[in-house]
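The primary structure of each chain is shown beneath.
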Amino acid sequence: MSVRDIFNAEAAKRILITDGAFGTEIQGWKLAEADYAGALGLSRDQKGNNDILALTKPEVPESIHRAYFEAGADIAETNTFSANRISQADYGAEHLVREINVESARMARRVADEFQAKDGRPRFVAGAIGPTNKTLSLSPDVNDPGYREIDFDYLKQVYREQIDALVEGGVDFVLIETVFDTLNAKAGVMAAIEAGGALGGDLPIMLSMTLTDLSGRNLSGHTVEAFWHAVRHAKPITIGLNCSFGAEQLRPHVKALSEIADTLIMVYPNAGLPNELGAYDEEPPTTAALVGEWARAGQVNVLGGCCGSTPAHIRAIADAVAGLPPRALPTPPVRTRLAGLEPFTMAG
């Protein structure tokens with residue numbers, strides 16, 4: 001069986017669990033700049049470069065992977081959210097992109113295989129790909145609406161470099177997450193499709209949008225329905241939402257997406273909204289109860305946590321949905337479905 005078949009078979013049995021936040025967990029280690037920098041000899045300050053820890057202090061991300069699997073996770077997301085040439089340029093570490101991704105993927109793969117060997121339950125590794133700090137759809141210059149810092153082909157190359165390295169390291173899926181710009185995501189999708197073609201096999205894609213306002217749109221202005229119409233050609237193994245707000249604010253948007261997408265729904269919200277100090281106060285039982293509502297309503301297939309979530313949150317979520325049936329995939333009528341900022345469906 002292919003990894004897609006194995007994942008779908010597991011998702012047919014139960015609601016699967018993905019892991020939680022990495023950034024806030026790493027902050028808990030109180031690392032100094034020297035911990036991040038290690039012996040790499042980089043010229044810029046590395047504090048906050050969480051991705052580089054795969055090379056300089058691997059025991060940190062490895063311990064976080066282990067804690068999430070112990071809490072009940074089925075999926076490890078690699079600690080590579082900013083491990084791309086654009087984001088690493090802020091740290092003068094562009095030349096380390098391949099090495100960071102390969103080592104991060106190998107680490108997650110090793111821990112996943114270790115836990116699978118213990119109980120025989122399949123564990124999966126998703127190669128996490130963030131949106132970068134550039135946008136293809138919007139100008140960063142208010143005086144020049146047509147200006148773009150990068151173009152589509154360049155961003156596709158940036159994503160392709162990262163994807164090839166993650167695949168080399170042993171990931172099962174490519175997770176294009178925290179999508180604030182739908183066009184950025186489409187560049188990632190094209191890079192993943194091309195990478196899969198180069199492998200001569202199937203490279204499953206996971207897609208996860210982030211909402212920037214309560215009306216249910218991302219930064220490029222797309223609703224969740226329009227986003228699905230824009231990316232469904234990629235036949236993602238999961239589609240969903242992450243980060244954004246807490247679970248309470250995501251409720252109507254999860255419902256809307258679950259009704260139209262003929263693939264698995266994965267949602268991993270923040271642990272509520274941050275307080276005035278930027279910390280997350282939502283306790284694990286609260287998060288678990290909120291996402292449990294989606295599970296009981298038959299709206300989700302995979303659940304986890306984003307910013308502020310901890311292994312305790314993941315354990316509470318896993319306990320809350322244990323034994324609940326997974327969402328059944330709908331069979332939408334065949335129509336021509338297009339996307340502007342709003343979805344458009346041609347009459348049949």
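This section reports on the structure supplied with the text. (Residues numbered from 1 in each chain as written. Predicted model: local features only at pLDDT ≥ 70, side-chain atom pairs only at ≥ 80, totals over all residues. Heavy atoms only, no water.)

### Section: the overall build of the protein chain
Piece 1. When you go through the protein chain residue by residue, the secondary structure sums to 13 helices and ten strands.
Piece 2. Whereas a compact globule of 348 residues would reach a radius of gyration of roughly 20 Å, the protein chain reaches 19 Å, a difference of no more than 12%.
Piece 3. Overall size of the protein chain, expressed as C-alpha extent along the three principal axes, is 60 × 55 × 50 Å.
Piece 4. By the burial criterion, 53% of the 348 residues in the protein chain qualify as buried.
Piece 5. When contacts within the protein chain are restricted to residue pairs at least 6 apart in sequence, those whose partners lie at least 24 apart make up 77%.
Piece 6. Of the roughly 14300 Å² of accessible surface on the protein chain, 53% is carried by carbon and sulfur atoms.
Piece 7. For the protein chain, the distance from the average position of its 31 positive side-chain charges to the average position of its 45 negative side-chain charges is 5 Å. (Helix = DSSP H or I, 4+ residues; strand = E, 2+ residues; numbered from the N terminus. Rg over C-alpha atoms; globule rule 2.2 N^0.38 Å. Buried < 20%, exposed > 50% of the residue type's maximum accessible area, 1.4 Å probe, protein only. Contact = heavy atoms within 4.5 Å. Areas by Shrake-Rupley, 256 points an atom, 1.4 Å probe, with all protein chains shown as cover. Lys, Arg positive; Asp, Glu negative; His and termini not counted. Charge placed at Lys NZ, Arg CZ, Asp CG, Glu CD.)

### Some thoughts on the pattern of salt bridges
Piece 1. Using the criterion set out here, one finds 23 salt bridges in the structure.
Piece 2. Of the charged contacts in the structure, one is a salt bridge between Arg-4 and Asp-202, with a shortest N-O distance of 2.7 Å. Remark: Asp-202 occurs in the loop between helix 9 (182-199) and strand 5 (205-209) and Arg-4 occurs in helix 1 (residues 3-13); sequence separation between them is 198 residues.
Piece 3. In this structure, Glu-114 engages Arg-66 in a salt bridge whose closest nitrogen and oxygen atoms are separated by 2.5 Å. Of this pair, Glu-114 sits in helix 7 (residues 97-119) while Arg-66 sits in helix 5 (residues 59-70), and the two are 48 residues apart along the sequence.
Piece 4. Where salt bridges share partners, they join Glu-10, Lys-13, Arg-14, Asp-74 and Arg-121 into one cluster. (Salt bridge = Lys/Arg side-chain N within 4 Å of Asp/Glu carboxyl O.)

### Section: the nonpolar core
Piece 1. Ranked by size, the top nonpolar core spans 74 residues in total, and within it Ile-163, Ile-239, Val-267, Trp-294 and Leu-303 carry the most contacts.
Piece 2. When residues in this core are grouped by element, the largest group, six residues, is from helix 9.
Piece 3. When sequence neighbours within four positions are dropped, the list of residues in contact with Trp-294 reads Ala-247, Leu-250, Arg-251, Val-254, Val-267, Pro-269, Gln-299, Val-300 and Leu-303.
Piece 4. Membership of the second largest hydrophobic core comes to 16 residues, among which are Phe-7, Ile-75, Phe-173 and Met-206. (Core = buried A, V, L, I, M, F, W, Y, C linked by side-chain atoms within 4.5 Å.)

### Considering a nonpolar patch on the surface
Piece 1. On the surface, a nonpolar cluster with roughly 290 Å² of combined accessible area is contributed by Leu-338, Phe-344 and Met-346.
Piece 2. Note that Met-346 resides in the segment after strand 10 (343-345).
Piece 3. Note on Met-346: relative accessible area 40%, which makes it partly exposed. (Patch = residues over 30% accessible without salt bridge, like charges linked within 9 Å, V, L, I, M, F, W, Y side chains within 5 Å.)

### Overview of the sheet that holds strand 8 (residues 302-303)
Piece 1. One open sheet accounts for eight strands, arranged 1-8-7-6-5-4-3-2; its pairing is parallel. Only two strands of the sheet have a single neighbouring strand rather than two, namely strand 1 (16-17) and strand 2 (75-77).
Piece 2. Sheet analysis places strand 3 (residues 124-129) next to strand 4 (residues 173-179), joined by four bridges and oriented parallel. Within the sheet, the bridge partner assigned to Ala-126 lies in strand 4 and is Phe-173. (Pairing = 2+ DSSP bridges.)

### Focus: the side chain of Glu-177
Piece 1. Take Glu-177: it is sitting in strand 4.
Piece 2. One buried charged residue, Glu-177, remains without a salt bridge, the closest side chain of opposite sign being Arg-109 at 16 Å.
Piece 3. Apart from residues no more than four positions distant in its own chain, Glu-177 is found in contact with Glu-77, Phe-81, Ala-128, Ile-129, Gly-130, Pro-131, Ser-208, Asn-242 and Tyr-268.

### A few points about unusual backbone geometry
Piece 1. Positive phi, close to 65°, is recorded for Thr-132, a residue that is not glycine.
Piece 2. Relative to the elements of secondary structure, Thr-132 occurs in the loop between strand 3 and helix 8 (152-169).

### Focus on the environment of Phe-152
Piece 1. When you line up the elements, Phe-152 lands in helix 8.
Piece 2. Relative accessible area serves as the criterion here: at 23%, Phe-152 is assigned to the partly exposed category.
Piece 3. Along the primary structure Phe-152 and Ala-67 are separated by 85 residues, whereas in three dimensions their C-alpha atoms are 38 Å apart.
Piece 4. Look past the residues within four positions of Phe-152 in its chain and what remains in contact with it is Leu-136, Leu-183, Lys-186, Ala-187 and Met-190.

### Considering the pairing of strand 5
Piece 1. Most of strand 5 is tucked away: five of the five residues are buried.
Piece 2. Across the two faces of strand 5 the burial is the same, with Ile-205, Leu-207 and Met-209 and Met-206 and Ser-208 all buried.
Piece 3. In this sheet, strand 5 lies alongside strand 4 in parallel orientation, the contact comprising four bridges. Across the sheet, residue Val-174 finds its bridge partner in strand 5, namely Ile-205.

### Some points on the packing of helix 7 against helix 8
Piece 1. Put simply, helix 7 and helix 8 touch, their axes get as near as 7 Å, and they point 35° apart. Crossing geometry of helix 7 relative to helix 8 is assigned as right-handed. Two secondary-structure elements touch here, helix 7 through Val-97, Arg-98, Asn-101, Val-102, Ala-105, Arg-106 and Arg-109 and helix 8 through Glu-161, Gln-162, Ala-165, Leu-166, Glu-168 and Gly-169.
Piece 2. Of the residues belonging to the contact of helix 7 with helix 8, the class tally is five nonpolar, three polar and five charged. (Axes fitted to C-alpha atoms, helices over the stretch in contact; angles between N-to-C directions. Left-handed = near helix turned anticlockwise from the far one by under 90°. Nonpolar A, V, L, I, M, F, W, Y, C, P; charged D, E, K, R; others polar.)

### Brief notes about the packing of aromatic side chains
Piece 1. For the coordinates displayed, the defined rule picks out five aromatic pairs.
Piece 2. Considering the side-chain rings of Phe-7 and Phe-124, the 5.0 Å spacing of their centres and the 80° angle between planes classify their relative orientation as edge-to-face. Remark: Phe-124 occurs in strand 3 and Phe-7 occurs in helix 1; sequence separation between them is 117 residues. For the residue pair Phe-7 and Phe-124, the accessibility class agrees, reading buried in each case.
Piece 3. In textbook terms, an aromatic cluster arises when at least three aromatic residues are bridged by ring pairs, as seen for Phe-7, Phe-124 and Phe-173.
Piece 4. Positioned over the ring face of Phe-115 is Lys-118, at 4.3 Å from the centre of the ring. (Phe/Tyr/Trp six-rings, centres within 6.5 Å; stacked < 30°, edge-to-face > 60°. Lys NZ or Arg CZ within 6 Å of the ring centre and 35° of its normal.)

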